[in-house]
Amino acid sequence: MAATGEHSAKKAVPVIDMGLPEEQAAAQVRAACTSSGFFYVSNHGVPQSLVDETFQQQRQLFGLPLEHKMALLQNENNRGYTPFREETLDPAHQSHGDTKEGFYFGREVPADSEEAKKPLHGPNQWPDPKLLPQYRQVTWQYYEALYGLGLRLLRLLALSLGLPAEFFAPMFDKPLVALRPLHYSGEVSDPGAGVFGAGAHTDYGMLTILATDDVPGLQIWVTPDGTSCAVPSKATDADASGGPGGAGAGAGAGLWWDVEPIPGSFIINLGDMLERWTNGRYRSTLHRVINTTGRERYSIAFFFEPNFDTEVRVLPMCCGPDDPPRYPPTTAGQHLLDKYAATHAGYTGPVQRGQAKQAAADGGGEA
Ligand SMILES: O=C(O)CCC(=O)C(=O)O
Ligand SMILES: [Fe+2]
């Protein structure tokens with residue numbers, strides 16, 4: 001049946017009430033994870049005042065003169081500033097980089113610690129407190145609140161897979177978090193000309209907790225009945241189903257659905273690592289951001305990934321004689337480094353320096 005607009009979209013991206021008994025919420029999580037791969041959470045316990053204050057701080061951060069932001073440029077530990085157009089999430093369909101700028105913050109790892117020898121670990125690059133006195137404290141409070149929410153979501157995910165609620169927790173006590181405030185310019189997107197706020201992509205990791213302001217723009221690639229579907233390999237795949245950014249329903253193919261902001265809720269989606277862990281049962285859904293309003297937009301992504309050394313092996317309940325594991329075991333850290341390398345081909349920045357750091361940690365040579 002063809003999509004009937006908003007009703008179907010709401011059904012495909014359900015709002016899950018975190019106040020429900022866990023077993024009940026977990027059943028809803030399972031339904032969402034096996035269909036669109038996206039859901040909202042309401043009643044999640046993160047105070048709205050903290051979310052508002054955090055957005056306020058991000059507006060001030062992005063409002064700093066460019067030289068201050070450039071002084072914090074993304075480093076080999078994937079921490080710091082990424083300027084407008086620096087990232088091209090979908091090179092096959094984009095004529096230039098994403099019309100967004102961002103910052104990466106992670107778990108605070110002291111430079112002189114043993115852990116800092118691992119790729120993607122190190123201290124954060126905070127803005128000068130003389131310029132933004134509240135920034136670090138507010139953003140860190142938000143980080144901690146989302147870490148708590150992430151752990152609750154992991155319980156629901158575990159239950160949804162028939163595992164004990166605590167299954168994932170020990171794998172997230174030294175998590176590879178990337179807290180990523182984003183600022184989209186007012187440039188209107190033009191999918192036909194390859195201009196996007198954020199090009200179509202799937203997230204690499206386990207779980208993304210996204211907060212947005214009230215400006216729409218996020219879209220997901222689903223079938224007309226709201227199920228995550230194959231990633232189109234060419235622009236024409238998308239064109240065939242109503243045009244890039246179009247609302248038309250394609251015969252058996254995918255279409256872009258708006259995931260509208262709902263005040264007071266977070267948007268949750270799954271990444272490639274969880275898809276791998278569940279042998280494809282849970283969906284890492286293609287999504288993108290387009291600007292249709294000419295308004296600037298702010299969002300904050302919280303990429304919640306396991307400890308670097310966590311083994312990611314297809315879960316026993318997600319495979320069987322008729323459905324053998326489609327992926328060999330790996331580790332969370334290796335999975336992420338491989339993803340970065342695959343999507344940043346020829347990029348001589350953090351990825352390669354991160355790999356050099358890995359080689360040094362393995363005893364293979366100088367970083
Ligand atoms: O800003 C958004 O709404 C989505 C951002 C996103 O998909 C990402 O950073 O991976
Ligand atoms: Fe994303």
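Further up the page is the structure itself.
One structure accompanies this document, and this report is about it. (Residues numbered from 1 in each chain as written. Chains lettered and ligands numbered in written order. Predicted model: local features only at pLDDT ≥ 70, side-chain atom pairs only at ≥ 80, totals over all residues.)

## A short note on the site of ligand 1
So, step 1. Every residue lining ligand 1 is accounted for by R180, L182, A198, D203, L210, T212, L218, H287, V289, S299 and A301.
So, step 2. Listed by contribution, the elements that provide at least two residues to the shell around ligand 1 are β5 (178-184), β7 (207-212), β11 (287-289) and β12 (297-304). (Near = placed C-beta within 6 Å. Helix = DSSP H or I, 4+ residues; strand = E, 2+ residues; numbered from the N terminus.)

## What about helix α3 (residues 48-62)?
Every α-helical turn comprises 3.6 residues, leaving residues that sit three or four positions apart pointing alike.
So, step 1. Look at α3: 21 Å from first C-alpha to last across 15 residues, which is about the 21 Å you get at 1.5 Å a residue.
So, step 2. Listing the buried residues of α3 in full gives T54, Q57, Q58 and L61. The buried residues of α3 occupy one face: seen down the axis, they fall within an arc of 100°. Facing away from the buried side of α3, by more than 90 degrees, are the exposed residues Q48, S49 and D52.
So, step 3. At its buried positions, α3 is contacted by β4 (100-104), α5 (135-160), β5 and β12. (Expected span 1.5 Å × (residues − 1). Buried ≥ 20, exposed ≤ 12 C-beta atoms within 10 Å, placed from the backbone. Arc of directions from axis to C-beta. Contact = placed C-beta atoms within 7 Å.)

## Things to note about the sheet that holds strand β8 (residues 218-222)
So, step 1. Taken in spatial order, the 4 strands make up an open sheet running β6-β11-β8-β9, and their pairing is antiparallel. Lying at the two open borders of the sheet, with one neighbouring strand each, are β6 (198-201) and β9 (255-258). Direction aside, the axes of adjacent strands within the sheet are offset by 25° on average.
So, step 2. Direction of pairing for β8 relative to β9: antiparallel, over a ladder of 4 bridges. Each residue of the ladder has a partner; that of Q219, found in β9, is D258. (Pairing = 2+ DSSP bridges. Axes fitted to C-alpha atoms, helices over the stretch in contact; angles between N-to-C directions.)

## A closer look at the sheet that holds strand β2 (residues 38-42)
The strands that make up a sheet pair up through hydrogen bonds in the backbone, lying either parallel or antiparallel.
So, step 1. With mixed pairing, 8 strands are arranged side by side in an open sheet as β1-β2-β10-β7-β12-β5-β4-β3. Both outer strands of the open sheet, β1 (15-17) and β3 (80-82), are each paired with one neighbouring strand and no more. Across this sheet, the average inter-strand angle for adjacent strands is 25°, counted without regard to direction.
So, step 2. Where β4 lies against β5, 3 bridges are found, and the strand directions are antiparallel. For E101, the partnering residue across the bridge sits in β5 and is H183.
So, step 3. Sitting on the sheet, α3 touches β4, β5, β7 and β12, and the angle it makes with β12 is about 110°.

## Here we look at the packing of α3 against α5
So, step 1. Contact geometry for α3 and α5: axes closest at 9 Å, N-to-C directions at 135°. The angle between the axes of α3 and α5 places the two elements in the oblique class. Between α3 and α5 the crossing geometry is left-handed. Here L50, E53, T54, Q57 and L61 of α3 come into contact with α5, specifically with Y135, V138, T139, Q141, Y142 and A145. (Parallel < 35°, antiparallel > 145°, perpendicular 65-115°, else oblique. Left-handed = near helix turned anticlockwise from the far one by under 90°.)

## With respect to the environment of P263
So, step 1. Locating P263 in the fold gives a position in the loop between β9 and β10 (266-270).
So, step 2. Take P263: there are 10 C-beta atoms within 10 Å of it, and that puts it in the exposed class.
So, step 3. It is 42 Å that separates the C-alpha atoms of P263 and P324, two residues lying 61 residues apart in sequence.

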